[in-house]
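# Coordinate inspection notes
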Amino acid sequence: MDWYDATGKYHEQTFSHDCRLSSLPEEWQRELAAIWRLEADVNNGGYLQFLSNWGRESYVYASQALKKIGARKMAEIIDRCQALVDEHFASEGASREQMQNLMPNPVIGRDGAIVKEAGSILPDSAVARINELSYEFMNYPDDIATLGLKHYRPFIEGEGQGRTKRST
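Figured I'd write up the structure that's included with this text. (Residues numbered from 1 in each chain as written. Predicted model: local features only at pLDDT ≥ 70, side-chain atom pairs only at ≥ 80, totals over all residues. Heavy atoms only, no water.)

Moving on: the environment of threonine 146. Tracing the backbone shows threonine 146 in helix α7 (residues 144–160). For the pair threonine 146 and tyrosine 135, spaced 11 residues apart in sequence, the C-alpha separation works out to 20 Å. Engagement of the side chain of threonine 146 in a polar contact is seen with the side chain of aspartate 143, the distance being 2.7 Å. (Helix = DSSP H or I, 4+ residues; strand = E, 2+ residues; numbered from the N terminus. Polar contact = N/O pair within 3.5 Å; in protein donor to acceptor, adjacent residues only side chain to side chain.)

Okay, here's the thing in structure tokens:
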């Protein structure tokens, strides 16, 4: 079983539901989708890209999942990033457009037009620290794939056999 295929499967299942994690019936499925989003976006553009693309709900599920699998260092990293955001911006319930204001770089729409000019609503010092923490995450101080498969394999395999197991 491949970790990235397993997590990506649940992320993809949200596509027909406006990418809402709540469209997945099980909490463990939401956690796997959130981890896929976290890894893909932090490794591509840092924590602020993840948060602005997917919102606070994805952070909550990703943090919860990292703690469940024992990836404590990586959970601490994203919790510290989120704490820095929370000091300066109320992300809970914020729209996608509001979340884009966290990004320090310009945001380009699908049509190629600039949606948001360069500059974050966060102080430069917070953006700099979040970027440092993002690089710490990218160094993978915890082996998410091994830890994640160990924890989630019974859920994934149980689903494949026509039954699901609820996480606690």
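Relative to the helices and strands, serine 22 is located in the loop between α1 (3–13) and α2 (27–45). Serine 22 gets classed as partly exposed once you look at its relative accessible area, which sits at 45%. Separated by 11 residues in the primary sequence, serine 22 and alanine 33 have C-alpha atoms spaced 11 Å apart. What serine 22 contacts, discounting residues up to four positions off in sequence, is Arg30 and Glu57. (Buried < 20%, exposed > 50% of the residue type's maximum accessible area, 1.4 Å probe, protein only. Contact = heavy atoms within 4.5 Å.)

Right, let's talk about the packing of helix α4 (residues 72–88) against helix α6 (residues 124–138) for a bit. One can describe the packing of α4 onto α6 by two numbers: an axis separation of 9 Å at closest approach and a directional angle of 165°. Regarding the angle of α4 to α6, the classification is roughly antiparallel. Handedness of the α4/α6 crossing: left-handed. Along its contact with α4, which presents Met74, Ile77, Ile78, Arg80, Cys81, Leu84, Val85 and His88, the element α6 presents Ala126, Arg129, Ile130, Leu133, Glu136 and Phe137. Among the residues forming the contact of α4 with α6, the class breakdown is 10 nonpolar, one polar and three charged. (Axes fitted to C-alpha atoms, helices over the stretch in contact; angles between N-to-C directions. Parallel < 35°, antiparallel > 145°, perpendicular 65-115°, else oblique. Left-handed = near helix turned anticlockwise from the far one by under 90°. Nonpolar A, V, L, I, M, F, W, Y, C, P; charged D, E, K, R; others polar.)

Attention now moves to the pattern of salt bridges. The final tally for this structure, using the stated rule, is 10 salt bridges. Notably, a salt bridge pairs arginine 129 with glutamate 132, separated by 2.9 Å at the nearest N-O pair. Remark: glutamate 132 and arginine 129 occur in helix α6; sequence separation between them is three residues, near one turn of the helix. Among the residues examined, arginine 129 registers a relative accessible area of 25% and is labelled partly exposed. (Salt bridge = Lys/Arg side-chain N within 4 Å of Asp/Glu carboxyl O.)

Further remarks concern helix α3 (residues 47–69). Given a rise of 1.5 Å per residue, 23 residues ought to cover 33 Å, yet the end C-alpha atoms of α3 are separated by just 20 Å, more than 12% below that figure. Residue glycine 55 marks the point of greatest curvature in α3, where the axis turns by about 115°. The first or second residue beyond α3 is glycine 70, which carries a positive phi of 95°. (Expected span 1.5 Å × (residues − 1). Bend = angle between axes of the 7 residues up to and from the residue.)

Let's shift gears to the packing of aromatic side chains. Within this structure, the stated rule accounts for six aromatic pairs. Judged by centre distance (6.1 Å) and plane angle (50°), the rings of tyrosine 152 and phenylalanine 155 are tilted. With tyrosine 152 and phenylalanine 155 both in helix α7 and three residues apart, this pair spans about one turn of that helix. The same class applies to tyrosine 152 and to phenylalanine 155, which are both buried. Each residue in the set Tyr10, Trp28, Tyr152 and Phe155 is aromatic and connected to the rest through ring pairs, giving one cluster. (Phe/Tyr/Trp six-rings, centres within 6.5 Å; stacked < 30°, edge-to-face > 60°.)

That is the geometry; function is a separate question.
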